[in-house]
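Results of the structural survey
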Amino acid sequence: MKVVILCGGHGTRIRDVADNLPKPMIPVGGYPILWHIMKYYSHFGHQEFVLCLGYRGESIKDFFLNYEAQTKDFTITLGGHHPIQYHTDHLETNWQVTMANTGLEAMTGARIKRVQKYLQNEDNFMLTYGDGLGDVDLRELLKFHQSHGKILTVSGVRPPGRFGEIMGESNGLITEFNEKPQASGGRISGGYFVCRKEIFNYLKDAEDLVFEQNPIRSLIKDKQVMMFEHNGFWQPMDTYRDYIYLNQLSEKKSAPWIKWK
């Protein structure tokens, strides 16, 4: 199944990390967060991607156009007939990546509408954001989506806490310390959508169309949205603290989304 990834928004810049990069290209463990998202989908057998590009989209194009050199060891012979000899392999040989320029200022709804032509033969497709990681069970997500027959499935996640949480007894003795507690209240959309092709009936090619506003509200009004509850890991990269946290998980080899090793 094809996977559409929203990679084009200006978003919030992460100070001292990515002043000249789109957020999907911010590195986690030496590779862009976008690459991690794609590796995760690929682990579940989804290897056809449509990237909705916009702000600094050329950096994403450059990464994939030079993917062999980016990910392999090689020897280069200057001026030779066979100038590059690669010494290592990678596991992404079957990826098909479509780069779609969806506009510099377009909002999410417009970006999705503008890649409809690359999804003509798809009854269903997956959709997510290019700046968030999770360990959503994609097999169960797809099974759930196919079981209810509605147009849109949203992965409902519990947002991670922004601050450390301590718990203690009345005498001041601390009994628990959580650096990144998960909120125990309501859920939010964590991306990891699955869409039927009828979703395009709710979209139009208008720069200011925000997918998460009128289109989803209209779908809800028509009783066409279902929530897949995800109780595991989910973490967006919105701040420098998030950047450090995700990189620490990767470096410590305790990243819940890295299932391909």
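Whatever comes next refers back to the structure up there.
Our subject in this report is the structure included herewith.

Rules behind the numbers
Residues numbered from 1 in each chain as written. Predicted model: local features only at pLDDT ≥ 70, side-chain atom pairs only at ≥ 80, totals over all residues. Heavy atoms only, no water. Phe/Tyr/Trp six-rings, centres within 6.5 Å; stacked < 30°, edge-to-face > 60°. Helix = DSSP H or I, 4+ residues; strand = E, 2+ residues; numbered from the N terminus. Lys NZ or Arg CZ within 6 Å of the ring centre and 35° of its normal. 1 Å grid on protein atoms, 1.4 Å probe; cavity = no way out; pocket = protein on both sides within 12 Å on 5 of 7 lines; lining within 4 Å. Points joined across faces, edges and corners; volume = space filled by probe spheres on them. Nonpolar A, V, L, I, M, F, W, Y, C, P; charged D, E, K, R; others polar. Core = buried A, V, L, I, M, F, W, Y, C linked by side-chain atoms within 4.5 Å. Buried < 20%, exposed > 50% of the residue type's maximum accessible area, 1.4 Å probe, protein only. Contact = heavy atoms within 4.5 Å.

This part covers the packing of aromatic side chains. Counting across every chain of the model gives 15 aromatic pairs. With a centroid separation of 5.8 Å and 70 degrees between ring planes, the pair formed by Tyr129 and Phe193 is classed as edge-to-face. With Tyr129 in strand β8 (residues 124-129) and Phe193 in strand β14 (residues 193-196), this residue pair connects regions lying 64 residues apart in the sequence. Through a chain of ring-to-ring contacts, three or more aromatic side chains come together here, namely Tyr31, Trp35 and Trp260. Taking the ring centre of Tyr86 as reference, the NZ or CZ of Lys72 above it sits at 5.1 Å.

With that settled, consider the layout of surface pockets. Looking at the second largest pocket, its volume works out to about 220 Å³. Along its surface, the second largest pocket is lined by Gly29, Tyr31, Trp35, His36, Ser250, Lys253, Ser254, Ala255, Ile258, Trp260 and Lys261. Looking at side-chain class alone, the lining of the second largest pocket contains five nonpolar, four polar and two charged residues.

Now for the nonpolar core. The biggest cluster of nonpolar side chains holds 44 residues, and the ones touching the most others in it are Ile5, Leu51, Phe64 and Trp257. Listed by contribution, the elements that provide at least two residues to this core are β1 (2-6), α1 (33-43), β4 (48-53), α2 (57-65), α5 (138-148) and α7 (240-251). No other element matches α1, which puts seven residues into this core. Each residue touching Ile5, except ones within four places of it in the same chain, is listed here: Leu34, Ile37, Met38, Phe49, Val50, Leu51, Cys52, Thr128, Tyr129 and Gly130. Residues Cys52, Phe193, Cys195 and Ile199 belong to the second largest nonpolar core, which totals 23 residues.

Honestly, that's just the spatial picture; any functional story needs more than this.
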